[in-house]
Amino acid sequence: MRMRKKPNLQPRMERCAEVLVKQPESLSGAWRKEFSGYEQLWLEIGCGKGRFTVGTAQEHPEVMLLALEKVEDALVIAMERAVEAQVENVRFISMDANKLREVFEPAEIDRIFLNFCDPWPKSRDAKHRLTAPNFLRIYADLLPMGGEVHFKTDNLPLFEWSVQQFEAEGWEISELTNDLHENGNGGVMTDYECKFREMGVKINRLAARKADTTKDASAGAAPRLRDAALSDARGLINEVYKLECKRSAGCR
C-alpha cells in the first residue's frame with residue numbers, strides 16, 4: 001500500500017499504543033497463553049487502513065485477530081479505527097510478512113487472511129507475492145492441520161496464478177469464486193473492496209485448507225518461479241489510488 005507520509009505519525013501511534021504489540025517476537029510460542037480468553041487466533045497479513053480488521057473482529061468477539069501491516073502510515077489509521085470502535089479483540093503488529101516465523105511458532109495461528117495484496121506483476125518479483133510458494137510454506141508452518149488461508153483480490157491474473165500455487169503446494173481449496181458479491185452478501189469488506197463493489201468490479205476469493213499433502217518448511221526450499229509474469233499489472237487498485245490522490249488536497 002502506497003501512502004503519503006504523515007508528519008504526526010508517531011504521536012498518533014503513541015495514542016493507540018494499547019492495541020499495538022511492540023515486541024511481537026517476545027510472544028513467539030506464547031500467543032495462546034497471552035490471549036487465553038479467546039477460542040482462536042486469526043492473522044490478517046496486510047491490514048491496510050483496517051476496515052476489514054475492525055469489522056471482522058466485531059463479527060467474531062470469540063476470536064483474537066492479529067493484524068499485520070508494514071506501512072505505518074496505513075497502520076495508524078487501522079489502529080485509530082479499532083480504538084474509536086472500542087474493539088477489544090484486535091492487536092496490531094508493525095512488521096514485514098517475511099519475518100512471520102520469527103514471531104509465531106508452528107500451529108500457533110488458526111486462520112490467515114490475505115486481502116488485495118500487491119500482485120508484483122513482473123516474473124522476477126513473483127517471489128514477493130503473498131501467495132507465492134515460499135509464503136505458502138510459511139503459512140503451512142503457522143497453521144494447524146485443517147487451518148485455513150482466505151484470499152481475496154480484484155486481480156484475476158493474480159488470482160488464477162495463486163490458485164495454481166495453492167494446488168501445487170498441496171492445499172485443499174474448499175471455496176472458490178470469481179464473483180464474491182454476486183448474491184449481495186460477500187462478508188466484511190476492505191476499503192478497496194467497498195470502492196470496487198460500487199464500481200461493479202468482480203472480486204475473486206478462495207479458502208484453502210491445510211491438509212496432509214500441504215508442503216511446509218520440512219519440504220525444503222520452495223521452487224524457483226519462472227515465467228510468472230502477470231498480464232494485468234495491478235488490477236484496479238492503482239486506478240483507485242490515483243483517483244483518491246486527485247481528490248486529496250495538495251496531491252497532484
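Shown above is the structure to which this text applies.
Residues numbered from 1 in each chain as written. Predicted model: local features only at pLDDT ≥ 70, side-chain atom pairs only at ≥ 80, totals over all residues. Heavy atoms only, no water.

> Residues and numbers for the overall build of the chain, please.
A count of helical and extended segments in the chain gives nine helices and seven strands. Put simply, the chain has 252 residues, and 51% of those count as buried. Taking the contacts inside the chain whose residues are at least 6 apart along the sequence as the reference set, 81% of them involve residues at least 24 apart. (Helix = DSSP H or I, 4+ residues; strand = E, 2+ residues; numbered from the N terminus. Buried < 20%, exposed > 50% of the residue type's maximum accessible area, 1.4 Å probe, protein only. Contact = heavy atoms within 4.5 Å.)

> Explain helix α4 (residues 72-84) to me, and be specific about the residues and the numbers.
Taking 1.5 Å of rise per residue, the 13 residues of α4 would be expected to cover 18 Å, and the 18 Å separating its terminal C-alpha atoms lies within 8% of that figure. Taken residue by residue, α4 has Asp73, Ala74, Leu75, Val76, Ala78, Met79 and Ala82 as its buried positions. On its buried side, α4 packs onto α1 (9-15), α3 (51-59) and β3 (90-93). Glutamine 86 lies just past α4 and shows a positive phi near 55°. (Expected span 1.5 Å × (residues − 1).)

> Can you tell me about the side chain of lysine 152, naming the residues and giving the values?
Tracing the backbone shows lysine 152 in strand β5 (residues 148-153). A polar contact of 3.1 Å, which involves the side chain of lysine 152, links it to the backbone oxygen of valine 188. Setting aside residues no more than four positions away along its own chain, lysine 152 makes contact with Phe52, Leu114, Asn115, Phe116, Leu180, Val188, Met189, Glu193, Ile203, Asn204 and Arg205. (Polar contact = N/O pair within 3.5 Å; in protein donor to acceptor, adjacent residues only side chain to side chain.)

> Describe the packing of aromatic side chains, naming the residues involved and giving the relevant values.
A complete count under the given rule lists nine aromatic pairs for this structure. Centroid distance phenylalanine 116 to phenylalanine 196: 5.7 Å. Interplanar angle 55°. Geometry classified as tilted. Here phenylalanine 116 is found in the loop between β4 (111-115) and α6 (133-142), whereas its partner phenylalanine 196 is found in helix α8 (residues 191-198), with 80 residues between them in sequence. With respect to class, phenylalanine 116 is no different from phenylalanine 196; both count as buried. A network of ring pairs unites the aromatic residues Trp31, Phe35 and Phe104 as a single cluster. When the ring centre of tryptophan 42 is taken as origin, the NZ or CZ atom of arginine 111, which lies over that ring, is 4.3 Å away. Arginine 129 extends its terminal NZ or CZ atom over the ring of tryptophan 161, reaching a point 4.5 Å from the ring centre. (Phe/Tyr/Trp six-rings, centres within 6.5 Å; stacked < 30°, edge-to-face > 60°. Lys NZ or Arg CZ within 6 Å of the ring centre and 35° of its normal.)

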